[in-house]
Amino acid sequence: MAENPLYPAQITDALRTVRYPGSGKDIVSLGMVEDDMRIDGRKVSFSLIFDKSTDPFARSVVKSAEAALHTFVAADVEADIRIKTRTPSPGAKAPALPGVRDIVAVSSGKGGVGKSTVAANLAVSLAAEGYRVGLLDADIFGPSVPKMFGIEDEQLYMHEVDGRNLIIPIEKYGVKLLSIGLMVEKDSAVVWRGTMASNALKQLIEQADWGELDYFVIDMPPGTSDIHLTLVQTLGITGALVVTTPQEVALADARKGIAMFRDPKINVPVLGIVDNMAWFTPEKHPDERYYIFGSDEAVRRTAADFDLPVLAEIPLVAAVGEHNDSGSPIALGGTLSAQSFIHLARMVIDAVARRNSQLPPTEAVNVKKK
């Protein structure tokens, strides 16, 4: 008995059942199915078009398309699905970091809450989990990443890539690193006006050879400033972490930071809150906890007010500061504090995956100053 022939309309109708994650729309109505369909007996070949080569859902969408053909057309259909990247329209700006999958900003409403410590140890922990990681120290006026990684005296070099001279990030502990602190004398104060600082930061992003990365972690300046605007205008930030301590004064500023990211003009998803210095644990008595900055209830209330998770509670341990000063982040070891940062990294991985399944990729925003 002859098999029923396949028709393009059957294929298209089946593909209408495949949704692009987070959009609520099917891949046909989104224009993702290219008009190059070929049918040869029981073999169907066509292309799916994605906005960028690093689209995190490309493989899952292809598998869903194959499953739809087997379910709604015929179980014996052989699918040859190619992945293409959408050609940008004339005048469209190319992404600043085309080889980077997800960008995570680590921020805080005020200084002194351990934001840079969290950023450094998060980057090291993600690398330890097997991911390709970059860390940009965007804290222009208080760069601390060179000290934390023991690279203060390292020299930056450039090489040519596709006809462009690009800065080579320093690599240590499996993390690619750049900081404005590597471009000035380590004991000199950075006295720049806003435009100068923003241009220097954009140079570290756009004129550096970051290559292919799974996670690009940004240690942002505390508070809200022109540097934050530069970052969201330059990069499509996947999501932000807000670091705070349990003190009410720190939480008040954390609320302002969350509000900044959620401003409709910026619209960067907030992945969650990190409760740093949540309690003090004596090194010789790891089972004891002293809530010297206040209980965790205030942090949890703040998170609940914004419908955000508390991604991790990091204890205050003297060894954390000692490791920062020695240039070896504490996450490299097997201590209780190290495990806290490994836990944070895993929570961030889950939070990013959850965000990507619910929302489309973030684009750099157009913020106009008044």
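Below: a short report on this structure. (Residues numbered from 1 in each chain as written. Predicted model: local features only at pLDDT ≥ 70, side-chain atom pairs only at ≥ 80, totals over all residues. Heavy atoms only, no water.)

1. A few points about the pattern of salt bridges
Counted under the stated rule, the structure contains 17 salt bridges. Here Arg16 and Asp13 are joined by a salt bridge, their closest N and O atoms 3.8 Å apart. Put simply, Arg101 and Asp214 hold a salt bridge, and the shortest N to O gap is 3.9 Å. Highlighted residues: Arg101 in strand β4 (residues 100–108) and Asp214 in strand β10 (residues 213–219), separated in sequence by 113 residues. Residue Arg101 is classed as partly exposed on the basis of its relative accessible area, which comes to 25%. Several salt bridges share partner residues, and in doing so they unite Arg101, Asp102, Arg132 and Asp214 into one network. (Salt bridge = Lys/Arg side-chain N within 4 Å of Asp/Glu carboxyl O. Helix = DSSP H or I, 4+ residues; strand = E, 2+ residues; numbered from the N terminus. Buried < 20%, exposed > 50% of the residue type's maximum accessible area, 1.4 Å probe, protein only.)

2. Here's the deal with the sheet that holds strand β11 (residues 239–244)
Either a parallel or an antiparallel arrangement is found when strands of a sheet pair, and the pairing is made through backbone hydrogen bonds. A sheet is described by the order of its strands in space; here eight strands give the open sequence β8-β9-β5-β10-β4-β11-β12-β13, paired in mixed fashion. Where the open sheet ends on each side, the last strands, each with one partner, are β8 (170–172) and β13 (310–316). Mean inter-strand twist for the sheet, computed between neighbouring axes without regard to direction, equals 25 degrees. With five bridges connecting them, strand β5 (residues 133–137) and strand β9 (residues 175–179) associate as parallel partners. Residue pairing across strands places Leu135 opposite Leu177, the latter belonging to β9. Each of β4, β5, β9, β10, β11 and β12 (270–280) is contacted by helix α3 (residues 115–128), which is oriented at about 170 degrees to β10, the strand it contacts most. (Pairing = 2+ DSSP bridges. Axes fitted to C-alpha atoms, helices over the stretch in contact; angles between N-to-C directions. Contact = heavy atoms within 4.5 Å.)

3. Section: the packing of α3 against helix α10 (residues 336–358)
Running from N to C, α3 and α10 cross one another at 75 degrees; their axes reach a closest spacing of 8 Å. By the angle between their directions, the pair α3 and α10 is classed as roughly perpendicular. Within the contact between the two elements, α3 uses Thr117, Val118, Asn121, Leu122, Ser125 and Leu126 and α10 uses Phe341, Ile342, Leu344, Ala345, Val348 and Ile349. For the contact of α3 with α10, a count of residues per class yields nine nonpolar, three polar and no charged. (Parallel < 35°, antiparallel > 145°, perpendicular 65-115°, else oblique. Nonpolar A, V, L, I, M, F, W, Y, C, P; charged D, E, K, R; others polar.)

4. Concerning the sheet that holds strand β1 (residues 38–40)
Spatial strand order, β1-β2-β3: three strands in an open sheet with mixed pairing. The sheet is open, and its two edges are formed by β1 and β3 (78–85), each paired on a single side. The average angle at which neighbouring strand axes cross in this sheet is 20 degrees, direction not considered.

5. A look at the side chain of Thr117
Examined against the element boundaries, Thr117 turns out to sit in helix α3. The contact partners of Thr117, leaving out residues within four places of it in the chain, are Met148, Val320, Asn324 and Phe341.

6. A word on the side chain of Asp36
Among the structural elements, Asp36 can be located in the loop between α1 (8–15) and β1. Classification of Asp36 by relative accessible area gives buried; the value is 19%. With near-sequence residues (within four places) excluded, Asp36 lies in contact with Ser45, Phe46, Ser47, Arg82 and Lys84.

7. Points about the packing of helix α7 (residues 248–262) against helix α8 (residues 297–305)
Interhelical geometry of α7 versus α8 gives an angle of 15 degrees and a closest axis separation of 10 Å. Classified by the interaxial angle, the pair formed by α7 and α8 is roughly parallel. Crossing hand, α7 versus α8: right-handed. When α7 is examined against α8, the residues Glu248, Leu251 and Arg255 are found in contact with a partner set consisting of Ala298, Val299, Arg301, Thr302 and Asp305. When grouped by side-chain class, the residues that make up the contact of α7 with α8 number three nonpolar, one polar and four charged. (Left-handed = near helix turned anticlockwise from the far one by under 90°.)

8. What to know about the packing of aromatic side chains
Inspection of the entire model under this criterion finds four aromatic pairs. With centroids separated by 5.9 Å and ring planes inclined at 40 degrees, the aromatic side chains of Phe149 and Tyr173 adopt a geometry described as tilted. Taken together, the residues Phe149 in the loop between α4 (145–148) and β6 (157–161) and Tyr173 in the loop between β8 and β9 connect sequence positions 24 residues apart. For Phe149, a relative accessible area of 0% translates into the label buried. The exposure class assigned to Tyr173 is partly exposed, which follows from its relative accessible area of 31%. Ring centres 4.8 Å apart and planes at 80 degrees place the aromatic pair Trp210 and Phe216 in the edge-to-face group. On the accessibility criterion, Trp210 (1% relative accessible area) is buried. The ring of Tyr215 is capped by Arg101, whose NZ or CZ atom sits 5.0 Å from the centre of that ring. (Phe/Tyr/Trp six-rings, centres within 6.5 Å; stacked < 30°, edge-to-face > 60°. Lys NZ or Arg CZ within 6 Å of the ring centre and 35° of its normal.)

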